[in-house]
Amino acid sequence: MTQKRRIEWIHWLVLGAGAAICLYSLLRFPIDKTDWRFLILAFVLIGFSARLTIQVPQVKAHISFSDTLTFLALLLYGGDAAILLAATEALCSSLRFRRQGVAIKARTILLNTAVMACSTFLTATILRLKFSPITTIPSISHWPTLFLALGIMALSQFLANSGLVALFTALKTGEAFWLTWRKHCLWSSLTYFSGAAAAGVLVRVGGVINFSTMLVTGVIVAIVYFTYRRYIEDIKQSARQAEQAERERAEQAERHIVELSQSIEEQKRISQALKESKDRFRHAALHDALTNLPNRVLFTEYLQKAIARAKRDEEFIFAVLFLDFDRFKYVNDSLGHTFGDQLLIEISNRLRSCVRQVDTVARFGGDEFAILLDGINSSTLAIHLAERIQQAMTAPFCIDGHETFMTTSVGISLSTAEYEEPEEVLRDADIAMYRAKEGGKARHEIFDKAMHAQTLLRLNLENDLRRAVERREFYLVYQPIVHVNSGKLYGFEALVRWRHPDRGIVPPLEFIPVAEETGLIVPLGQWVLEEACRQVRDWQSDFPEFRTLTLSVNLSGRQLNDPKLIQKVKDILFETGFDPSRLKLEITESVVMENAEVSAVLLKQLRALGLQLSIDDFGTGYSSLSYLHRFPVTTLKIDRSFVSRMGQGDENLEIVRTIVTLAKNLNMDVVAEGIETQEQRAQLHALGCQYGQGYMFAKPLDAADVEVYVENERQLATNGTPTPHLPPPQEIEIIKSSMVM
Ligand code: C2E
Ligand code: MG
Ligand code: MG
């Protein structure tokens with residue numbers, strides 16, 4: 001038999017028993033004993049008693065009046081009346097619950113009724129065994145017997161009732177009967193014993209006092225009852241309030257937790273945003289804004305890693321290429337910064353296309369770029385890359401309709417075990433790059449130890465030079481410039497000399513470039529001009545022949561860029577009282593042409609002071625004729641290299657001839673530098689070159705020697721010794737077409 005069927009059977013069994021008991025009791029009902037008190041009892045029991053319950057504080061138990069009244073009916077009217085009243089009360093209570101919305105099946109209602117009928121029947125039967133008829137129990141004067149009777153009544157009602165209820169529950173839940181009974185029913189024993197006790201008291205009291213006294217007692221009991229109910233209600237209320245407060249606290253705690261988790265979420269969001277912004281700040285902080293290439297900081301980081309790896313792994317070689325674009329500043333200044341920026345972007349794109357994926361191209365600023373070749377087999381790859389870059393630069397850059405060409409000087413440093421810091425590698429690549437520039441630009445150089453030694457020497461020279469300016473270790477020599485045909489003195493070129501305390505005389509070709517780079521040439525050049533003007537003005541007052549002689553002074557590119565140059569020249573002329581028409585400022589051709597537009601303006605301002613201008617080393621600086629004729633220049637000085645090679649082939653001779661012709665066409669004087677032989681002098685004379693300067697006539701002389709030289713010249717003139725005149729120069733073909741050299 002299945003469990004379900006077993007439950008069904010038990011249900012029907014109890015229902016059948018209940019129905020039979022009720023029928024049996026109805027038939028035996030003592031109708032003759034029913035009086036108005038029975039009716040009141042029935043009315044109160046069926047109508048209200050179930051509602052009149054008292055909860056025992058701290059315990060699940062309720063003391064119900066229905067139990068008391070059932071026991072009362074049992075004691076006063078016997079078992080049959082009590083069975084019918086109890087069954088009816090159970091039926092009515094269940095129906096009332098259903099009316100109040102509690103879902104109770106009809107069968108459950110009937111079961112409740114049957115259970116009540118059965119348990120009361122059992123109680124009545126047990127009582128009858130000892131006390132028959134039951135109605136005699138109230139009159140038992142022997143207290144212990146009375147207590148026994150009441151105890152048997154309560155116990156049997158409790159056991160029968162709770163036993164059946166526990167049985168149904170256990171069958172339903174599958175739990176053990178004993179456990180179910182203990183858990184759900186044990187506590188209810190209190191109800192039965194208190195009910196039996198109350199019933200006992202009432203029947204005993206009812207026996208000795210009359211109805212009105214009972215009524216008063218009932219009222220007092222009702223007052224006590226309702227006061228107690230009120231007290232219980234208050235307890236419940238405060239419990240509810242405590243519960244409410246607890247709930248609010250819990251809700252508050254819950255809200256707090258929600259707020260806390262929201263705040264944690266917010267914190268997380270903020271720290272994420274902070275991290276992202278940090279990252280962004282790092283894209284921005286480690287990259288060049290214009291080209292988006294890594295900047296110096298990031299490059300240094302990568303280089304540091306490469307150095308560390310090279311230390312760990314002997315096989316690992318890296319190389320750093322340092323690039324500087326030749327004449328970039330010139331392009332930037334002449335075509336504008338927007339153009340320059342575009343050019344840098346184009347350059348960076350081309351560089352990127354030359355390297356491998358693992359290599360790093362970085363921009364350090366301006367036109368300085370660096371490349372890290374990470375892990376190469378040999379130095380050959382670095383050289384190949386330098387060549388590939390030079391090759392990539394040969395194509396013109398076309399930006400905004402302008403076409404421009406760029407070349408780059410590349411310095412290469414290869415990894416060695418001695419490198420500790422990135423700065424050392426970069427320094428050496430930089431040195432090599434400078435060497436490439438010095439070696440004629442658009443080329444590459446690999447750093448070697450000798451370079452380092454030279455750089456140190458150069459550094460020392462730089463330091464010594466700074467001190468030399470302060471200590472006035474410079475002095476001037478003057479090289480005569482003569483008429484080529486007659487050899488007669490035309491003027492002097494002032495040339496600076498450095499008397500180094502340890503090294504002796506240092507030639508200008510060694511220190512002038514360093515002075516240029518460091519900017520020391522500006523104060524030095526100013527001193528040269530001032531000293532030369534003062535010296536020659538002194539000679540002019542001592543020797544009348546000096547008054548017609550010219551004084552040539554060299555002006556460097558840095559001086560030309562000095563915004564105070566015009567004022568300084570003006571001041572020197574004023575302070576020394578030197579006649580400006582006798583002064584010739586020599587500016588190297590490459591310097592003048594480097595920024596022709598600016599030079600044109602400056603040269604005009606200098607010319608406006610009344611002095612003459614000479615383009616030095618002419619032929620080496622790629623003059624553009626379109627500019628040349630706009631310069632207010634009075635003299636072209638043919639570079640010594642053309643003069644010295646005139647005898648070696650027609651080409652150099654033709655160049656000299658062209659320069660002389662050009663000067664004539666532009667109404668300029670020509671001075672040939674470096675005439676060392678009679679043959680050169682003769683050729684220059686034949687080409688129509690008016691003036692010359694060279695060891696053949698005189699080496700640069702110090703001030704005392706100049707005075708001797710001039711004295712000799714005077715004596716030669718007074719003694720009437722004829723100056724060795726050369727035959728007249730050949731006819732010069734005037735070249736009218738424009739040309740670029
Ligand atoms: P420069 O202005 O072209 O000067 C001419 C150079 O040629 C001088 O060299 C002179 O001594 C040399 N020279 C003249 N005739 C001959 C010759 O027949 N044979 C040979 N081998 N050399 C001859 P120096 O004095 O060594 O000066 C070299 C350069 O240094 C000058 O070239 C000039 O560019 C620069 N320099 C000299 N003094 C100054 C100065 O005070 N200021 C500036 N800015 N530059 C100066
Ligand atoms: Mg010169
Ligand atoms: Mg020269």
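Here the structure is a predicted model, which is why all the values come from computation and not from measurement.

J.: Got a minute to help me understand the domain arrangement of the protein chain in this structure?
T.: It is common to give the size of an interface as the accessible area lost on bringing the parts into contact. One can read the domain layout of the protein chain as domain 1 (3–209), domain 2 (241–282), domain 3 (296–447) and domain 4 (458–718). The distance between the C-alpha centroids of domain 1 and domain 3 comes to 108 Å.

J.: Looking at this model, I keep getting lost on a nonpolar patch on the surface. Mind explaining?
T.: A surface patch of nonpolar side chains, amounting to about 300 Å² of accessible area, comprises Leu122, Ile126 and Leu129. Residue classification places Leu129 among the exposed residues on the basis of a relative accessible area of 73%.

J.: Which parts of the structure should I look at to understand the site of ligand 1?
T.: Around ligand 1, the structure places 22 residues, and the nearest of them are Asn554, Asp616, Glu673, Glu676 and Tyr695. Gln479 is positioned with one of its side-chain polar atoms (N or O) 3.1 Å from a nitrogen atom of ligand 1. With respect to ligand 1, the side chain of Asp617 contributes an N or O atom lying 3.2 Å from an oxygen atom. Here ligand 1, which alone exposes 780 Å², has 88% of that area covered by the protein. Looking at the shell around ligand 1, the elements with two or more residues in it are strand S11 (489–500), helix H16 (508–518) and strand S15 (612–618). Looking at the shell around ligand 1, the element that brings in the most residues is S11, giving four residues.

J.: I would appreciate a short explanation of helix H14 (residues 422–438) in the present structure.
T.: For an α-helix, 3.6 residues make a turn, and residues three or four places apart therefore share a direction. Under the 1.5 Å per step criterion, the end-to-end length of H14 is 24 Å for 17 residues, consistent within 8% with the ideal 24 Å. Buried residues of H14: Pro422, Val425, Leu426, Asp428, Ala429, Ile431, Ala432, Met433, Ala436 and Lys437, and no others. Looking at the residues trailing H14, positive phi occurs at Gly440, about 120°.

J.: What is the right way to read the packing of aromatic side chains from this model?
T.: Aromatic rings in a pair are described by how distant their centres are and how their planes are angled relative to each other. Summed over all chains, the structure comprises 21 aromatic pairs. Each ring, one from Phe38 and one from Tyr77, has its centre 4.8 Å from the other, and the planes form 80°; the classification is edge-to-face. One end of the pair, Phe38, is in helix H2 (residues 36–47); the other, Tyr77, is in helix H3 (residues 65–77), and 39 residues separate them in sequence. Relative accessible area serves as the criterion here: at 6%, Phe38 is assigned to the buried category. Judged by relative accessible area, Tyr77 falls into the buried class, the value being 10%. Residues Phe543 and Phe546 carry aromatic rings whose centres are separated by 5.7 Å and whose planes lie at 50° to one another, so their mutual orientation is tilted. Like Phe546, Phe543 is buried. An aromatic cluster is present here, built from Tyr478, Phe492, Trp539, Phe543, Phe546 and Tyr709 joined pairwise through their rings. Its guanidinium or amino end placed over the ring of Phe131, Lys130 lies 5.7 Å from that ring's centre, counting from NZ or CZ. One cation-aromatic arrangement involves Arg499 over Tyr475; the distance from NZ or CZ to the ring centre is 4.4 Å.

J.: Can you walk me through the environment of Arg607 in this structure?
T.: With respect to the helices and strands, the residue Arg607 is situated in helix H21 (residues 596–607). Once residues within four sequence positions are removed from consideration, Arg607 is found in contact with Gln612, Leu613, Pro632 and Thr634. Engagement of the side chain of Arg607 in a polar contact is seen with the backbone oxygen of Pro632, the distance being 3.3 Å.

J.: Looking at this structure, how should I read the pattern of salt bridges?
T.: Opposite charge on two side chains allows them to pair when their charged atoms are near. One pass over the structure, following the stated rule, counts 36 salt bridges. The salt bridge partner of Glu175 is Lys183, with a shortest N-O separation of 3.1 Å. Since its relative accessible area comes to 29%, Glu175 is described here as partly exposed. A salt bridge links Lys311 to Glu420; the nearest nitrogen and oxygen atoms lie 3.5 Å apart. Pair noted here: Lys311 is in helix H10 (residues 296–312) and Glu420 is in the loop between strand S8 (407–414) and H14, with a separation of 109 residues, a long-range link. Here Lys311 falls in the partly exposed class, since its relative accessible area comes to 42%. Of the residues examined, Glu420 reaches a relative accessible area of 44% and is grouped as partly exposed. Because the salt bridges share partners, they merge into one network encompassing Arg435, Glu438, Arg458 and Glu517.

Rules behind the numbers
Residue numbers restart at each chain and count upward from 1, following the sequence in its written direction. Numbering of ligands from 1 and lettering of chains from A proceed in the order in which they are written. Residues qualify for local features only when their pLDDT is at least 70, as the model is predicted, and side-chain atom pairs are given and counted only at 80 or more; totals for whole chains, interfaces and linings, by contrast, use all residues. For side-chain calculations, the full set of non-hydrogen atoms in the structure is used, while hydrogens and water are omitted. These domain boundaries are the output of an automatic or database domain assignment. Like-charged residues are merged into a patch within 9 Å and nonpolar side chains (Val, Leu, Ile, Met, Phe, Trp, Tyr) within 5 Å, provided each residue has over 30% relative accessible area and no salt bridge. Note on areas: these come from Shrake-Rupley sampling with a 1.4 Å probe, and a residue is covered only by the protein chains present in the view. Just to be clear on terms, a salt bridge is a Lys or Arg side-chain nitrogen sitting within 4 Å of an Asp or Glu carboxyl oxygen. Here the term buried applies to any residue with accessible area under 20% of the maximum for its type, exposed to any over 50%, and partly exposed to those in between, with areas from a 1.4 Å probe on protein chains only. Any residue with at least one heavy atom within 4 Å of a molecule or strand is counted as near it. Two N or O atoms form a polar contact when they lie within 3.5 Å of each other; inside protein one atom must be a possible hydrogen donor and the other a possible acceptor, and for residues adjacent in sequence the pair counts only when both atoms belong to side chains. What counts as a helix is a DSSP run of H or I of at least four residues, what counts as a strand is a run of E of at least two, and both are numbered from the N terminus. The span one expects for a helix is its residue count, reduced by one, times 1.5 Å. Two rings belonging to Phe, Tyr or Trp (six-membered ring only in the last case) form a pair when the distance between their centres is within 6.5 Å. Interplanar angles under 30 degrees mark stacking, angles over 60 mark edge-to-face geometry, and anything in between is tilted. Any Lys NZ or Arg CZ that is within 6 Å of a ring centre and within 35 degrees of that ring's normal is treated as a charge sitting over the ring. Contacts are residue-level and defined by heavy atoms, with any inter-residue pair within 4.5 Å sufficient.

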